[in-house]
Amino acid sequence: MNMPFYVAPEQLMKDRADFAQKGIARGRSLAAVEFDEGVLLCAENPSRNLRKVSEIYDRIAFAGVGRYNEYDQLRIAGIRHADVKGYTYSRDDVDPQALANQYAQMLGQIFTHETKPLEVEILVAAVGYERDGDRMFHIRYDGSVTDEDGFAVLGGEAESIRERLSASYAEDLDLGSALRAAVSALGGEDRTLASSELEVAILDRIDRGRCFRRLENGQIQELLS
Amino acid sequence: MTLPNFDQSDDPGPSFYGLLRHLGRAVDYETPGPQAAGPADLAEITHGTTVVAARFADGVVIAGDRRATSGNLISHRSMNKVFPADRWSGVAIAGAAGPALEMVKMFQLQLEHYEKVEGRPLSLEGKANQLSQMLRGHLPAAMQGMVVVPLFAGYDRRRGFGRLFAYDVTGGRYEEEDFVTSGSGSLFARTVIKLGHRDTNTRDEAVDLMIRALFTAADDDSATGGPDSMRHIYPIVSVITVDGYTELAEAEIAERFERVLVDFSERESAS
């Protein structure tokens, strides 16, 4: 019988984490910023069809970076979870924290038990009825969850983008300033991102119904100028 | 509640009803219920009555009275039978209220779920077909007396005009050019609409026509509720155009009813 080589658990986890991080770093980054009338989600994404940001439920949005097929599968699982829960109980009972926990469980499970961890980082964002009801949960490839306050950055260059964004972020920005802050943080000093390279959506702080709304190219241009 | 995740071979796709079935949570209409349900029991079931819809120049208008009856009793005076199905379409129901409301809820979720999973909404025809399939699933219950007959109306954004669909209990789907009606008072409402309908009607003309039709239905059919100014209960009227689904404010409907009533009473006193 062949004995498998002994690999220390620390090494095993580190290898998996390195693998996932490398995969995520290949893609482009994404920033989410809370503003006075909602939550802004802004991704660097030249594609009009392969979305990074999408709607989960009335007040909840999803954003993912990394491997498209993997986070898209997570997106659909989230929509299913939310719709079934809303159908079984009521629309008011669908909350972002339960969804974030479920994602964390799933990612953690895959990270330790499957042959390959998912090469993704995701964000569950929710808009409250009041400004202090906004929530952002950042979930990493290994299932670790961070409760973000004010803004969140996902992706390979998250550290440097986060630094730039924290310099320009303030509470109660309006939509235009929030978008400009996010775009200049994503681009950095040497690059200016054009509206066609951006995917922008907001969770609008309205009283009822579906709050998720995509901003069209023209609207983005107008806000950026 | 865990995250639903499926193998590729048995993934329910963008269908919400399919998802519920997979999870064992679907209301299954296909299991036969108690066979004892005779006419005496059926009288206990709450029924909704007259709903109407018509095309006009910029889209469609869809409306319904507010009465629900159980046998000869009025069980609800302010029931709503006209609902948005999504942003560009609406559904109105007549028949057994319980299953009908469940069907509307499921229909709305089915459309929303598809839109979110696929990233774009179903075509208007696709939506009409979905409702047809749900009715077909409901047929066993309908055969036992719990009949549901909806109307579906929407703005076809690809073709740029409003469209109307009528159904029967078997799930048969019939697209109509001008107007559709359903429910116990529909015969009376239908005649009024038939006489007043023009393709070129404006929004206001179309809304007034719906109001006159429902008033006439309530006048001759005991299961259809008329305007109730004492309790401020008026029919629900919604308009669907390129700008989407809008329910008319109660004040506007009340005012239009006022005018229709003046019109009718003048005619009565003249005769």
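All residue numbers here refer to positions counted from 1 along the written sequence of the relevant chain. As a convention, the first chain written is A and the first ligand written is 1, with the rest following in written order. The predicted origin of the model limits local features to residues at a pLDDT of at least 70 and limits the giving and counting of side-chain atom pairs to 80 or more, whereas totals for whole chains, interfaces and linings rest on all residues. Side-chain measures were taken over the full set of non-hydrogen atoms in the model, leaving aside hydrogen atoms and water.

Draft legend 1. Representation of the overall build of chain A. Helix and strand assignments come from DSSP, with helices taken as H or I runs of at least 4 residues and strands as E runs of at least 2, each series counted from the N terminus. Looking only at helices and strands, chain A features 6 helices and 10 strands. Note that the radius of gyration is over C-alpha atoms, with the globule rule given as 2.2 Å times the number of residues to the power 0.38. Rg of the C-alpha trace for chain A: 18 Å, near the compact-globule value of 17 Å for 225 residues, within the 12% margin. Overall, the C-alpha framework of chain A stretches about 70 × 50 × 30 Å when taken along its three principal axes. Here chain A, with 225 residues, has 53% of them falling under the buried criterion. In chain A, the share of contacts with a sequence separation of at least 24, taken over all contacts with a separation of at least 6, comes to 65%. Per element, the accessible surface of chain A, about 10,800 Å² overall, is 48% carbon and sulfur. Charge convention: Lys and Arg are scored as positive, Asp and Glu as negative, and His as well as the terminal groups of each chain are ignored. The atom standing in for a charge is NZ when the residue is Lys, CZ when it is Arg, CG when it is Asp and CD when it is Glu. One finds the centroid of the 27 positive side-chain charges in chain A at a distance of 6 Å from the centroid of its 39 negative side-chain charges. Each residue is assigned to one of three classes by its accessible area relative to the maximum for its type, calculated with a 1.4 Å probe on protein chains only: buried under 20%, partly exposed between the two thresholds, exposed over 50%. Two residues form a contact once any of their heavy atoms are found within 4.5 Å. All accessible-area figures derive from a Shrake-Rupley calculation using a 1.4 Å probe, and residue coverage is judged against the displayed protein chains alone.

Draft legend 2. The nonpolar core, seen in detail. Residue and element names in this part refer to chain B. Core analysis: the biggest nonpolar cluster contains 31 residues, and F16, V91, F107, L131, F152 and Y167 have the highest contact counts within it. Among the elements that line this core, the one with the most residues is helix 3 (residues 97–118), at 9 residues. Those residues in contact with F107, other than ones at most four positions away along the chain, are A85, V91, K127, Q130, L131, M134 and F152. In this text, buried Ala, Val, Leu, Ile, Met, Phe, Trp, Tyr and Cys residues form a nonpolar core when linked through side-chain atoms within 4.5 Å.

Draft legend 3. Expanded view of unusual backbone geometry. Residue and element names in this part refer to chain A. The phi torsion at D172 lies on the positive side, around 60°, for a residue other than glycine. With respect to the secondary-structure elements, D172 resides in the loop between helix 4 (158–168) and helix 5 (175–187). By relative accessible area, which is 49% here, D172 ends up partly exposed.

Draft legend 4. Representation of the sheet that holds strand 11 (residues 179–182) of chain B. Residues and elements named next belong to chain B. Think of it this way: DSSP has to see at least two bridges between two strands before they count as a pair. Ordered in space as 11-2-3-12-13, the 5 strands form an open sheet in which the pairing is antiparallel. What marks the edges here is a single partner per strand, and that holds for strand 11 and strand 13 (244–247). Neighbour-to-neighbour, the strand axes of this sheet turn through a mean angle of 15°, independent of strand direction. Bridge analysis of strand 3 (residues 59–64) against strand 12 (residues 236–241) gives 5 bridges, and the strand direction is antiparallel. Within strand 12, the position partnered with V61 by the bridge is V239. Here, axes are lines fitted to C-alpha atoms. For helices the fit covers the stretch in contact, and angles between N-to-C directions go from 0 to 180 degrees.

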